[in-house]
Structures are given as structure tokens and as C-alpha cells.
Amino acid sequence: MDFALTEEQTAIFDMAHDFGHDQIAPHAHAWEKDGTIPKDLWPRVGALGFGGLYVSEDSGGSGLSRLDATLVFEALSMACPSVAAFLSIHNMCAKMIDAFGSDDLKGRVLADVVAMNTVLSYCLTEPGAGSDAAALKTRAERTNEGYRLNGTKAFISGGSYSDAYVVMARTSDDGAAGVSTLLVEDGAKGLSFGGLEDKMGWRSQPTAQVQFDNCDVPAADLVGEEGKGFKYAMMGLDGGRLNIAACSLGAAQIALTKTLDYMGDRKAFGQAIDQFQGLQFRLADMEIELQAARIFLRQAAWKLDNKAPDATKFCAMAKKFVTETGSKVVDQCLQLHGGYGYLADYGIEKLVRDLRVHQILEGTNEIMRVIVARDMLKNR
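For clarity, every value in this text was computed on a predicted model and none was experimentally measured. (Residues numbered from 1 in each chain as written. Predicted model: local features only at pLDDT ≥ 70, side-chain atom pairs only at ≥ 80, totals over all residues. Heavy atoms only, no water.)

Report on the overall build of the protein, specifying residues and quantitative values.
Within the protein one finds eleven helices and ten strands. Scaling as 2.2 N^0.38, a compact globule of 380 residues should have a C-alpha radius of gyration of about 21 Å, and the protein matches this with 21 Å. Counting only C-alpha atoms and orienting by the principal axes, one finds that the protein spans roughly 80 × 50 × 40 Å. Looking at the protein as a whole, 52% of its 380 residues qualify as buried. Nonlocal contacts in the protein, meaning residues at least 24 apart in sequence, comprise 73% of its contacts between residues at least 6 apart. Carbon and sulfur atoms make up 52% of the accessible area of the protein, which totals about 16,700 Å². (Helix = DSSP H or I, 4+ residues; strand = E, 2+ residues; numbered from the N terminus. Rg over C-alpha atoms; globule rule 2.2 N^0.38 Å. Buried < 20%, exposed > 50% of the residue type's maximum accessible area, 1.4 Å probe, protein only. Contact = heavy atoms within 4.5 Å. Areas by Shrake-Rupley, 256 points an atom, 1.4 Å probe, with all protein chains shown as cover.)

Spelled out as C-alpha cells, the structure:
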């Protein structure tokens, strides 16, 4: 059992960290105020190979493992978890197209997707179908040319911003087996968007409802087979849960690093506050929790890479544990900054806001518990 990263994995982490430090972190506060991420960032991300992290090399991607990908998201989230999480969504969509799309579809779209000239959004959630995703009502009726979409998707990161949308829609009334996946390009007739959501965190990500009103989609833009869309969506979520956990981990780590520096400079009662044993205990607890979270996350990623039969369970457990640990740590870091932690200039309050949603998306942490408990009961 070897817990060390390889030289290649260390290089991947360092490359992502350096890019985030130089190209994202200096602008994260301004992008949050603007409510958007400049589109010209993404081709620079794509040039590093991060637009198709686990897209196969045959399709022009980087062909990295899920463990490798968690290193990228951990490193980038040290600069801004909102930007890192948006990249995770794009990669989840890219993998779905690579794994299940026809050769024609892959040939038409994947090169620009991997280069991030085409930015993708994932459209599963609806106003009445969140945790119960199989209850989705957006319909894709067969036409002579393909499909006609009608319905609404909610809480879509990149709504009105992205270049194409990977959409799960109902092609029959057969429950989860009646869901298919379609690629809808921006500008398609009948595609429109709600107003931008005013969110607690992830404020640099434009988020909006995505609406389909007799939106015609060519048959060639069906991803995979009819009736397999829900399966594709759920398979994508295992990796997405690891990525969002990695975003929590990286953000919490940079918050702890900043807190260590702050506590060495801040004086109270005649000494630096890092000399008070009670506060040292808090630092130690956060370090222990983050190290445990990191090991858990990488174990789950290893299981997913190796197609372990309990990989889904471990992805759910890791997502629940790491996201809650991350939120707990950044909240403690804010407390240790005192009043300064509440100010935007110190960057800690943004992390508290950004990380809170990680316990909700990619399956709520309550659903993660359901997945774990069902697996336990099935295998007792």
C-alpha cells in the first residue's frame, strides 16, 4: 500500500496550483463582484489539458485517472472553488460525450470541448426534480429530424453563459429507463434562459434556469442510446462527487494556510495568538481532519479508477465527509480571524459562502447517506 503521489501526479498538482495562483486567484474577488468568469480564461485552461481531464487520449483528451483529476481540482480550488467547480461540471459533460456519444458526435464537438472553445453545462435538475432526479418532466418528443424539447431545468451553472448544454430529458414514461441525453447548442431555436440567480456563494458562476420551448434537436445530437440517459447521468455523478469534495479540500487547505500566517502576525495580550494553547488545539484538529479527508477522498478515487464494486458507496461517503469537513474548517478559520475574517479583503468569508453549496449539489449529503445505508443493508 503506497500513499505517496507519483512524480507525474505531483507535477499535475503543481501545474494546476501554479496556474490558479497566477491566473485565477488575483482576479477571483473581481469575478465574484462581476458575477461572471471571463470566457478567455477557458482556452488557457484547455491548453493545459484540463478541458478533457478524463476524456480518452484517442479523443484528444488527457486520459487522466479520477485520482489525477482530484489533484487538479484540489489545486485550482486553492485559487477559487467557484472557478474550479465550474471546470468540474464541464469535465463531467465532456466525459459523458466521450464515453457514450457516437463517433459522429465526438468527431464534431470533442476537439473544441477539450480545448474549451466550447464550454459545457450539465442539465439534470428541475424545479420539481432535485434529489428525485428520475422524476424529471422535461420531454423530448420524436420528430422526423430528431427531437423536440419542452421543459425547464433549474440551478444550471453556466445557464445563458455556456456554449452547449448536456440535457437529460424524458423520451418515454418508463421512469428512469425513459430518460435520454441530448446535446443542445447555444443559440438553438426555442432555447432560452431565466434571470441570473442571486446566490450565497459561487457568485462568479452565472446560474440560471434553462428553458426549452419546442426546441428542435437533431437526431445526431442524441448522446448514446435512447433510455440510457439516467444511467449516463448517474455514472457521471460518481466522479463529480469526488471533484466537488476535492474543491472543498483545496479551499479548506488554503484557508488553514492563511489562518496559520494570520495567527503568527496577530498579537493579543502581549503575544502572537498562535502561542495560546487553546488555539493551537484548534489548529491541530483542523490539520487532522483535513489529512483524514484527503486520504478518504483519494481512496474513493482509487476505487472508482479500479472499478471496485463498492466504488459508488465510497464516492458517496467521501463526498459527504470531505464537504462537511471543508465547511467546518473554513468556518473555524473565519472564527480564528475574528472580525477580519468577516471582511471580504481577507478572502475567508468567500470560502465559507462558496463551500456551503457543496453539501447540496452532486447529490445532497442526505442522499449520500441513503446510498451508503442502502449498500450496507443490501450486503449484510
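That was the structure; now back to the text.
Help me get a handle on a nonpolar patch on the surface, residues and values and all.
On the surface, a nonpolar cluster with roughly 260 Å² of combined accessible area is contributed by Tyr340, Leu343 and Tyr346. Take leucine 343: it is sitting in the loop between α9 (311-336) and α10 (348-356). Given the relative accessible area of 41%, leucine 343 is considered partly exposed. (Patch = residues over 30% accessible without salt bridge, like charges linked within 9 Å, V, L, I, M, F, W, Y side chains within 5 Å. Salt bridge = Lys/Arg side-chain N within 4 Å of Asp/Glu carboxyl O.)

How would you sum up helix α8 (residues 277-305)? Please name residues and give values.
End to end, α8 covers 42 Å across 29 residues, agreeing with the expected 42 Å (1.5 Å per residue, within 8%). Among the residues of α8, Leu283, Met286, Leu290, Ala293, Arg294, Phe296, Leu297, Arg298, Ala300, Ala301, Lys303 and Leu304 are the ones counted as buried. Check the buried side of α8 and you find it contacts α4 (66-77), α7 (229-265) and α9. (Expected span 1.5 Å × (residues − 1).)

Could you give me a rundown of the packing of aromatic side chains, with the residues and numbers involved?
Two aromatic rings, taken as a pair, are described by how far apart their centres are and by the angle between their planes. Applying the stated criterion across every chain yields a total of ten aromatic pairs. Pairing phenylalanine 86 with tyrosine 161 gives two aromatic rings, centres 5.6 Å apart and planes at 85°, and the pair type is edge-to-face. Here phenylalanine 86 is found in helix α5 (residues 81-100), whereas its partner tyrosine 161 is found in the loop between β3 (146-157) and β4 (164-170), with 75 residues between them in sequence. For tyrosine 161, a relative accessible area of 9% corresponds to the buried category. (Phe/Tyr/Trp six-rings, centres within 6.5 Å; stacked < 30°, edge-to-face > 60°.)

Tell me about the pairing of β3, residues and numbers included.
Bridging between strand β2 (residues 139-142) and β3 involves four bridges; their strand directions are antiparallel. Each residue of the ladder has a partner; that of alanine 140, found in β3, is leucine 149. In this structure, the hairpin formed by β2 and β3 is closed by a connection of three residues. Where β3 lies against strand β7 (residues 207-218), ten bridges are found, and the strand directions are antiparallel. Paired with lysine 153 across the strands is valine 210, a residue of β7. (Pairing = 2+ DSSP bridges.)

Give a description of the nonpolar core that names residues and reports values.
For soluble globular proteins, nonpolar side chains are generally found buried alongside one another. Counting 99 residues, the largest nonpolar core has Ile24, Leu41, Trp42, Leu76, Tyr122, Met168 and Leu183 as its most contacted members. Counting residues per element, this core draws most heavily on α7, which supplies 17 residues. Setting aside residues up to four positions removed in sequence, leucine 41 forms contacts with Phe19, Gln23, Ile24, Trp31 and Val83. (Core = buried A, V, L, I, M, F, W, Y, C linked by side-chain atoms within 4.5 Å.)

With reference to specific residues and values, describe unusual backbone geometry.
Even without a glycine there, the phi angle at methionine 116 is positive, about 65°. When you line up the elements, methionine 116 lands in the loop between α6 (103-115) and β1 (120-123). Residue class for methionine 116 comes out buried when judged on its relative accessible area of 2%. In the Ramachandran plot, tryptophan 202 falls in the positive-phi region, its phi being about 50° despite a non-glycine side chain.

Could you give an account of the environment of methionine 317, naming the residues involved and the relevant values?
Relative to the helices and strands, methionine 317 is located in helix α9. Leaving out residues up to four positions away in the same chain, methionine 317 has contacts with Phe296 and Val372.

Account for the state of the cysteines, naming residues and giving values.
Summed over all chains, the structure comprises zero disulfides. As a non-bridged cysteine, cysteine 215 has cysteine 123 as the owner of its nearest cysteine sulfur, 11 Å distant. (Disulfide = S-S within 2.5 Å.)

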